[in-house]
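As a plain string of letters, each chain reads:
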Amino acid sequence: MAALPVLAALLLLAWGGPPAAGQKRKEMVLSEKVNQLMEWASKRSVIRMNGDKFRRLVKAPPRNYSVIVMFTALQPHRQCVVCKQADEEYQILANSWRYSSAFTNKIFFAMVDFDEGSDVFQMLNMNSAPTFINFPAKGKPKRGDTYELQVRGFAAEQLARWVADRTDVNIRVIRPPNYAGPLMLGLLLAVIGGLVYLRGSNLDFLYNKTGWAFAALCFVLAMTSGQMWNHIRGPPYAHKNPHTGQVNYIHGSSQAQFVAETHIVLLFS
């Protein structure tokens, strides 16, 4: 009878040992993965990945973090102009997150270039670039985890809204200072001030109906051609198929457009 408690303890140890060891191993692997990603993120906001890194850190469990991955083709011989433009906006988004006070290891931003990870493109049956996909902390990506680039455009603000929707992480986009706007405004004010100074008390030119009509016409044409939509959505100038090399200047959907398309409409108008 005295051996029964000992036997029961041995059975509990035998049953509880392997799962406990497996859980500890899982936690160690997860900790190593998070530490590795944090180390890379401290050096570069967008982590560049090849096939091995992608399979180990993004596809393979365990994972308690989300990874936003941009699949792109940035090498010059690919001639993907849209990829370069999208990469600039993606870098702004990733930098805004990396250098914000809310930065945590809950989400990481990564990139897979076709020339560095063509096997990843094949594994995901991907035949176009750029493409943004969210790999959630749990489970596989769903339909909404693929960003609708053609509809939303690739502006950092639009990407941030999508990221907030898929991960509940709100990123305040902070763009580098752009002095072009203030300089142009200052130049315009200087020109107006100079005209007023040179003309003295003769301000009849301000009542020139032809000048005002021309300015109003230019504004109307710019708005009706879709320039404001471009400013808000940040669509690509055109789209080039990375496989066929064909360039499309007119968007196939009635709910989106390219920048080149607005220029064409403006010229026709």
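Here the structure is shown first, and the text comes after it.
Residues numbered from 1 in each chain as written. Predicted model: local features only at pLDDT ≥ 70, side-chain atom pairs only at ≥ 80, totals over all residues. Heavy atoms only, no water.

## Here we look at the nonpolar core
Convention followed: We define the nonpolar core as a collection of buried residues of types Ala, Val, Leu, Ile, Met, Phe, Trp, Tyr and Cys that are connected through side-chain atoms lying within 4.5 Å of one another. Throughout this description, buried means an accessible area under 20% of the type-specific maximum (1.4 Å probe, protein chains only), exposed means over 50%, and partly exposed covers the range between. Numbering of helices and strands runs from the N terminus; a helix is a DSSP stretch of H or I covering at least four residues, while a strand is a stretch of E covering at least two. Residues are treated as being in contact if the distance between any of their heavy atoms lies within 4.5 Å.
Formed by 48 residues in total, the largest nonpolar core has its most connected members in Phe71, Leu93, Phe109 and Phe132. Examining the composition of this core, we find that seven residues originate from one element, helix H3 (residues 81-98), more than from any other. If we ignore the near neighbours within four places in the chain, the residues touching Phe132 are Val69, Met70, Ala86, Tyr90, Asp145, Thr146, Tyr147, Leu149, Leu159 and Trp162.

## Quick look at helix H6 (residues 156-167)
To be explicit about the condition: Any helix carries an expected span of 1.5 Å times its number of residues minus one.
Taking 1.5 Å as the rise per residue, H6 with twelve residues should run 16 Å; its terminal C-alpha atoms sit 16 Å apart, in good agreement. Those residues of H6 that fall on the buried side of the exposure criterion are Ala156, Gln158, Leu159, Ala160, Trp162, Val163, Ala164 and Thr167. Where H6 terminates, the next one or two residues include Asp168, which has phi positive at roughly 65°.

## What about the sheet that holds strand E3 (residues 107-113)?
Quick reminder of the rule: Two strands make a pair as long as DSSP finds a minimum of two bridges between them. The angle between two axes is taken between their N-to-C directions and runs from 0 to 180 degrees, where each axis is a line fitted to C-alpha atoms and a helix contributes only its stretch in contact.
In spatial order, the strands read E1-E3-E2-E4; together these four strands make up an open sheet with mixed pairing. Strands at the two margins of the open sheet, each flanked by one partner only, are strand E1 (46-48) and strand E4 (131-135). Strand-to-strand twist across the sheet, computed as the mean angle between neighbouring axes with direction ignored, equals 30°. Running over the sheet, H3 touches E1, strand E2 (66-72), E3 and E4 and is turned about 160° from E3.

## Considerations on unusual backbone geometry
In this model, Pro61 is joined to Pro62 through a cis peptide bond whose omega is 0°. On the secondary structure map, Pro62 appears in the loop between helix H2 (51-59) and E2. Put simply, Ala129 and Pro130 share a cis peptide bond, and its omega is 0°. By the element assignment, Pro130 lies in the loop between helix H4 (118-123) and E4. The phi angle at Gln79 is positive, at roughly 55°, despite the residue not being glycine. With respect to the element layout, Gln79 can be found in the loop between E2 and H3. Of note, Asp168 is a non-glycine position whose phi angle comes to about 65°, a positive value. With respect to the helices and strands, the residue Asp168 is situated in the loop between H6 and helix H7 (180-199). Residue classification places Asp168 among the exposed residues on the basis of a relative accessible area of 62%.

Spatial relationships are all this shows, so hold off on functional conclusions.
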